[in-house]
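Remarks on the overall topology
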Amino acid sequence: MKNKQSNSLAVTSLLTAVSASLCCITPVLALLAGSSGIAATLSWLDPFRPWLIGITVVVLAFAWYQKLKPKSAEEIACECEDDDLPTGKAGKPSFWHSKKFLGIVTVFAAVILAFPYYADVFYPETQLSVSENANLESTYEINITGMTCSGCEEHVKLEIGKLSGISGLEVSYEKANAVVTFDESKTNINEVKAAIDKTGYKVESINKQ
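Keep in mind that this is a model prediction, so the values were computed, not measured.

1. Let's talk about a nonpolar patch on the surface
- A surface patch of nonpolar side chains, amounting to about 330 Å² of accessible area, comprises Phe95, Trp96 and Ile104.
- As for its placement among the helices and strands, Phe95 is situated in the loop between α3 (73-81) and α4 (99-113).

2. Section: the state of the cysteines
- Across all of its chains, the model carries 0 disulfides by this definition.
- Take Cys23: it sits in no disulfide, and the sulfur closest to it among the cysteines is that of Cys24, at 4.0 Å.
- With a relative accessible area of 2%, Cys23 lands in the buried category.

3. A word on the pattern of salt bridges
- Scanning all chains against the criterion turns up 4 salt bridges.
- Note that Lys157 and Glu154 form a salt bridge whose closest N and O atoms lie 3.7 Å from each other. Of this pair, Lys157 and Glu154 both sit in helix α5 (residues 150-161), 3 residues apart, which is roughly one turn of that helix. Here Lys157 matches Glu154 in class, with each residue buried.
- Where Glu159 meets Lys198, a salt bridge forms, and the shortest distance between an N and an O atom there is 3.7 Å. Of the two residues, Glu159 sits in helix α5 while Lys198 sits in helix α6 (residues 189-199), which places them 39 residues apart along the sequence.

4. Things to note about the sheet that holds strand β1 (residues 137-145)
- Taken in spatial order, the 4 strands line up as β2-β3-β1-β4 in an open sheet, and their pairing is antiparallel. What marks the edges here is a single partner per strand, and that holds for β2 (166-172) and β4 (202-208). If you compare each strand with its neighbour and ignore which way they point, the axes differ by 20 degrees on average.
- As paired strands, β1 and β4 are joined by 6 bridges and run antiparallel to one another. Paired with Ile144 across the strands is Val203, a residue of β4.
- α5 contacts β1, β2 and β3 (177-183) of the sheet and is inclined by roughly 160 degrees relative to β2.

5. Comments concerning the confidence of the model for the protein chain
- Averaged over every residue, the pLDDT of the protein chain is 84; the share at 70 or more is 86%.
- Confidence, read as mean pLDDT per element, is least for α3 in the protein chain (56) and greatest for β3 (96).

6. Things to note about the nonpolar core
- Ranked by size, the top nonpolar core spans 45 residues in total, and within it Ile142, Ile160 and Val180 carry the most contacts.
- If you list the elements that add at least two residues to this core, you get α1 (2-33), α2 (49-68), α4, β1, α5, β2, β3 and α6.
- For Ile160, the contacting residues outside a window of four places in its chain are Ile166, Leu169, Val180, Val192, Ala195 and Ile196.

7. Some words on the packing of α5 against α6
- Taken N-terminus to C-terminus, the directions of α5 and α6 make an angle of 140 degrees; their axes are 9 Å apart at the nearest point. Taken together, the axes of α5 and α6 lie oblique to each other. Here the hand of the crossing between α5 and α6 comes out right-handed. Along the contact surface, α5 presents His155, Val156, Glu159 and Ile160, while α6 presents Val192, Ala195, Ile196, Lys198 and Thr199.
- Residues belonging to the contact of α5 with α6 are distributed by class as follows: 5 nonpolar, 2 polar and 2 charged.

8. Remarks on the environment of Asn207
- Position of Asn207 among the secondary structure elements: in strand β4.
- Sequence spacing of Asn207 and Tyr140 is 67 residues, and the spatial spacing of their C-alpha atoms is 5.5 Å.

9. Regarding the packing of aromatic side chains
- Summed over all chains, the structure comprises 6 aromatic pairs.
- Ring centres of Trp44 and Phe48 lie 6.4 Å apart, and the angle between their planes is 80 degrees; this geometry places the pair in the edge-to-face category.
- What makes Trp44 exposed here is its relative accessible area of 53%.
- A residue is classified by how much of its surface remains accessible, and Phe48, at 44% relative accessible area, is partly exposed.
- Summarising the aromatic geometry, the rings of Tyr140 and Phe182 are spaced 5.6 Å apart at their centres and angled 5 degrees between planes, so their arrangement reads as stacked. Here Phe182 lies in strand β3 and Tyr140 lies in strand β1, a separation of 42 residues in the sequence.
- The exposure class of Tyr140 is buried, given its relative accessible area of 11%.
- Residue Phe182 is classed as buried on the basis of its relative accessible area of 0%.

Cut-off values and rules
- Residues numbered from 1 in each chain as written.
- Predicted model: local features only at pLDDT ≥ 70, side-chain atom pairs only at ≥ 80, totals over all residues.
- Heavy atoms only, no water.
- Patch = residues over 30% accessible without salt bridge, like charges linked within 9 Å, V, L, I, M, F, W, Y side chains within 5 Å.
- Areas by Shrake-Rupley, 256 points an atom, 1.4 Å probe, with all protein chains shown as cover.
- Salt bridge = Lys/Arg side-chain N within 4 Å of Asp/Glu carboxyl O.
- Helix = DSSP H or I, 4+ residues; strand = E, 2+ residues; numbered from the N terminus.
- Disulfide = S-S within 2.5 Å.
- Buried < 20%, exposed > 50% of the residue type's maximum accessible area, 1.4 Å probe, protein only.
- Pairing = 2+ DSSP bridges.
- Axes fitted to C-alpha atoms, helices over the stretch in contact; angles between N-to-C directions.
- Contact = heavy atoms within 4.5 Å.
- pLDDT = per-residue confidence, 0-100.
- Core = buried A, V, L, I, M, F, W, Y, C linked by side-chain atoms within 4.5 Å.
- Parallel < 35°, antiparallel > 145°, perpendicular 65-115°, else oblique.
- Left-handed = near helix turned anticlockwise from the far one by under 90°.
- Nonpolar A, V, L, I, M, F, W, Y, C, P; charged D, E, K, R; others polar.
- Phe/Tyr/Trp six-rings, centres within 6.5 Å; stacked < 30°, edge-to-face > 60°.

Written as structure tokens, this is what we have:
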């Protein structure tokens, strides 16, 4: 019974860990699927991330407690009588109910929870243009809502960087903005805005600097 309970807790911790990082996993999935518009679909989950991380940690801690605490005489007798308990050789619990499986789940959950901190490695480096005429360049600060991690920044950079004439580009999810410098003869602010809208993040305001 204890093995079954710890197994259920392991699955629950995986679900909460994935949910905690979905807001940053989705942009990467959008990149791989070639569907930029879904990048910001789950950004509304970001405010719940601390709670989901907390639930994951508590559930995993309790699962390990259940797995490591000494068995009572009643639990040993109960397991002997439980015909549904999967067992391996010599009556040992199967892999799915073992400490090894719980350890793998723990490591996987940690990797998923840390995803927002390394999501940007999945994006190619944005190539900027070399300015040919500084007199035709303009710089805009664009306030954007919906970005929650470095992966979101890279997704916005990727789409803006596809435009011609982009010579300067800084995107910050912490500041919720993008500062873009471009050649007005090759592109315009409406095309930049359209590139951002394509990702699913929303442009709140545009200010020329």
